Amino acid sequence: MFEKAERLKRLPPYLFKEIDRKKAEVKAGGVDIIDLGIGDPDLPTPSHIIKALQEAALVPSNHRYPSYSGMLEFRAAVSEWYKSRFNVDLDPEKEVLALIGSKEGIAHVPLAFINPGDISLVPSPGYPVYNTATIFAGGESFFLPLTEEGKFLPDLEGIPAQVAQRAKLLFLNYPNNPTAAVADEEFFDKVVAFAQRHGILVCHDAAYSEIAYDGFRPPSFLQAKGSREVGIEFHSLSKTYNMTGWRIGFVVGNREAVEGLGTIKSNVDSGVFQAVQLAGIKALKGDQSCVERMIGVYTQRRNLMAEGLRKAGFKLAVPKASFYLWVKVPEGSTSAQLATRFLEKGVVVTPGNGFGEPGEGYFRVALTQEIERMAEALDRIRTVQL
Ligand SMILES: *Cc1c(COP(=O)(O)O)cnc(C)c1O
């Protein structure tokens, strides 16, 4: 009865439909399912953060509308965290904005900077929101393939001049979902030069900056010289503190960009529940040993899974960061075919093409199940004929 708006018709087809159907079918058949498809931590939020929420929830002044941009105390905590983690100075009043999860900010940023016909440069495979948010704003995505030969970094030099001219936004995401690749400061320097040349706003999604192994510390885009003139960085408490359900994140960097996004938001939402912000302050300023312990858990899982898959004949790089493994599909099958065969054994992985065409030939494994379940998944994967 109701004709849907063009922007909904312009969304790309949902590629997991077939696998979702199959999953439901296998489940209905009574098979025990081990889901390695979910990018959502299974570990609980650390208890000192929960306690901060409990206390803050009892205070009536926290029940009212929060400030649009986030409590100054929260933004100051973000700025202190940035200083200690990245040695980057941020003005909490002008260069920090609270978000209802980083997805919210990413989804709204094109509304502030994209006019119909403008282009966003979007990595592929990639987090789907960069493209869909661009479509909602009336823009077009120009996809930047992330390939093994290119170390899963986009080839900025290969972007046609007419495209670069029309581009307003460049989305990047390191450590990367789904490829688990990392970027170094040299790459970020190139990004700054490219963005300056073409007047493009860089939107770096750093959701996995704290999930890294063997002592590796992923850099911030804002550590690159000149980055603040051209870019913003999205962060999330979701992955660092196992807070995906809480909905709190933040964006930092270029003040005009932060202000533009803030104007969109002040017309759409009314900020983050203050009790959640107070718990967020506790997370950022409190004891960080919870993060180290979590990394310890992921490290064990990563080692087990990477080694197990290699022994089973799969090719993959052991990730330096993120909680994903990006694994090659052996010659002779597609991502979807292999995922279906795993599913018949009750193991869910995500076929790479679901994140964009250049993801074909890979599957993604999330390290978000207990190690015993991962071992069981490996046993089952070994029984699949390659
Ligand atoms: C999980 C994730 C996010 C968003 O998380 P929020 O919970 O909205 O903060 C953003 N980007 C990527 C690539 C992610 O995987």
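Keep in mind the model is a prediction, meaning the values are calculated, not measured.

Q: Describe in detail the site of the ligand, supporting the description with residues and values.
A: For the ligand, the set of nearby residues contains 14 residues, the closest of which are Asp-205, Tyr-208, Ser-236, Ser-238 and Lys-239. Ser-238 places a side-chain nitrogen or oxygen 2.6 Å from an oxygen atom of the ligand. Elements supplying a minimum of two residues to the shell around the ligand: α5 (102–113) and α10 (237–240). The residue inventory of the shell around the ligand, partitioned by class, reads 4 nonpolar, 6 polar and 4 charged.

Q: Describe in detail the domain arrangement of the protein, supporting the description with residues and values.
A: Segmenting the protein into domains produces domain 1 (6–44 + 289–381) and domain 2 (47–285). Relative to domain 2, the C-alpha centre of domain 1 lies at a distance of 25 Å. Residue-level contacts link 34 residues of domain 1 with 36 residues of domain 2. Carbon and sulfur atoms make up 63% of the area that domain 1 and domain 2 hide from each other, which totals about 2800 Å². When residues of domain 1 are sorted by the area they lose upon contact with domain 2, Arg-10, Lys-320 and Trp-326 head the list and together hold 19% of the total. Counting every contact that joins domain 1 to domain 2 gives 2 salt bridges. Here Glu-148 ties to Lys-328 by a salt bridge, and the two come within 2.6 Å at their closest N and O atoms. Where the side of domain 1 that touches domain 2 is concerned, the elements lending two or more residues are α1 (6–9), α13 (289–311), β9 (324–328) and β12 (362–366). Of the residues forming the side of domain 1 that touches domain 2, the biggest block, 7 residues, is contributed by α13.

Rules of the game
Residues numbered from 1 in each chain as written. Predicted model: local features only at pLDDT ≥ 70, side-chain atom pairs only at ≥ 80, totals over all residues. Heavy atoms only, no water. Near = heavy atom within 4 Å. Polar contact = N/O pair within 3.5 Å; in protein donor to acceptor, adjacent residues only side chain to side chain. Helix = DSSP H or I, 4+ residues; strand = E, 2+ residues; numbered from the N terminus. Nonpolar A, V, L, I, M, F, W, Y, C, P; charged D, E, K, R; others polar. Domains from an automatic or database assignment. Contact = heavy atoms within 4.5 Å. Buried area = accessible area lost by both parts, 1.4 Å probe. Salt bridge = Lys/Arg side-chain N within 4 Å of Asp/Glu carboxyl O.

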